[in-house]
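If you want the building blocks of each chain, they are given just below.
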Amino acid sequence: MEKSENQSFVSIFLVVGLSDAEEPQLSLFLVFLCIYLITVVGNLVILSVISADHRLHTPMYFFLANLSIIDIIFSSTTVPKLLFILVTAKKTVSFLDCVTQLSFFQFFVVAECYLLAIMAYDRYVAICFPLNYTLIMSREVRFRMVIACWLSCSSTKLSEAIFLIVVVVAGMGPLTFILVTYGRIIGAVMKISTSKGRVKTFSTCASHFIVVALYYGSGIFSYIWPSSTYAMDKDVKVVAVLYTIMTPMLNPIIYRTARKQDENGPLEEDPEG
């Protein structure tokens, strides 16, 4: 088959940064380096503590450990290249590197969407059915959930149409599930007789809800913005940085809140039971 003489091949991409500066941006480099180190070290500490303390071998911490793994790899997919660009001012990436980075990025974005949905369901069972929590969230069930979460990640295509389908199906599906689950959680919490009990019970979900709001809010804003203005709008760039760099750093916050709740004692009795 003869090749068309008019064909052109893409070998490199020009990366659009947060600013138009041509020289290295050391201040941004230091800021993002600190965020990245906090993300990696914080999540590694979480994994170490959960692994070492047998009291934390519960469904909630099991899912939290998986979220830590995803956040470490997710941030490591994009941040090192960003740091390299900031310190060298070389705003180019090869076609192969770009496709590889995009593949890993989409894989872990989808994995985190489903894992956040699983964590919302875990809190729903813990609050609404505390007496049956251990039975419902058994070791076998939670392992199957996590395996399904990692296997549910769709293969990456370069086509924008396919990418949007992945975003809608793999992103909005779990978000809808999370919203419905939190609706049930709020309904159950409101049935608790004391205000102290309501605050204490809902505190187990507060950090997770904040992460979901930030993760999906910034993600949706980035993806639905018109493609013609996406590369030129600095606000969208900032949101994209928030989406890919800041949200993985919030995992230690979830850990601290969850750990504090464990130290305060068990949840209120089942409001429906």
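Whatever comes next refers back to the structure up there.
Let me sum up the structure you'll find in this document. The model shown is predicted, which means the values in this text are computed figures rather than measured ones.

Helix and strand content of the chain: ten helices and two strands. Helices and strands appear in the chain in the N-to-C order β-α-α-β-α-α-α-α-α-α-α-α. When each of the 273 residues of the chain is scored for burial, the buried share is 40%.

The subject of this paragraph is the packing of helix α1 (residues 26-52) against helix α2 (residues 59-88). For any two helices packed against each other, the geometry is given by the interaxial angle and the distance between the axes. Where α1 contacts α2, the axes come no closer than 9 Å and their chain directions differ by 160 degrees. Overall, the two elements α1 and α2 adopt an arrangement that is roughly antiparallel. Considering how the two elements wind past one another, α1 and α2 form a crossing that is left-handed. Across the contact of α1 with α2, the residue classes tally to 22 nonpolar, five polar and one charged.

As a further point, take the side chain of Ser68. Here Ser68 lies in helix α2. The contacts of Ser68, once residues within four sequence positions are left out, are Asn43, Ile46, Leu47 and Asn251.

Looking now at helix α5 (residues 139-151). End to end, α5 covers 18 Å across 13 residues, agreeing with the expected 18 Å (1.5 Å per residue, within 8%). Buried residues of α5: Arg142, Met145, Val146 and Cys149, and no others. One side of α5 holds all its buried residues, which, seen down the axis, span an arc of 90 degrees. In α5, those exposed residues whose orientation departs by more than 90 degrees from the buried face are Arg144 and Leu151. Those residues of α5 hidden inside the fold are in contact with α2 and α3 (95-128).

So, how was this worked out
- Residues numbered from 1 in each chain as written.
- Predicted model: local features only at pLDDT ≥ 70, side-chain atom pairs only at ≥ 80, totals over all residues.
- Heavy atoms only, no water.
- Helix = DSSP H or I, 4+ residues; strand = E, 2+ residues; numbered from the N terminus.
- Buried < 20%, exposed > 50% of the residue type's maximum accessible area, 1.4 Å probe, protein only.
- Axes fitted to C-alpha atoms, helices over the stretch in contact; angles between N-to-C directions.
- Parallel < 35°, antiparallel > 145°, perpendicular 65-115°, else oblique.
- Left-handed = near helix turned anticlockwise from the far one by under 90°.
- Nonpolar A, V, L, I, M, F, W, Y, C, P; charged D, E, K, R; others polar.
- Contact = heavy atoms within 4.5 Å.
- Expected span 1.5 Å × (residues − 1).
- Arc of directions from axis to C-beta.

So far we have only geometry, and geometry alone does not tell us how the molecule works.
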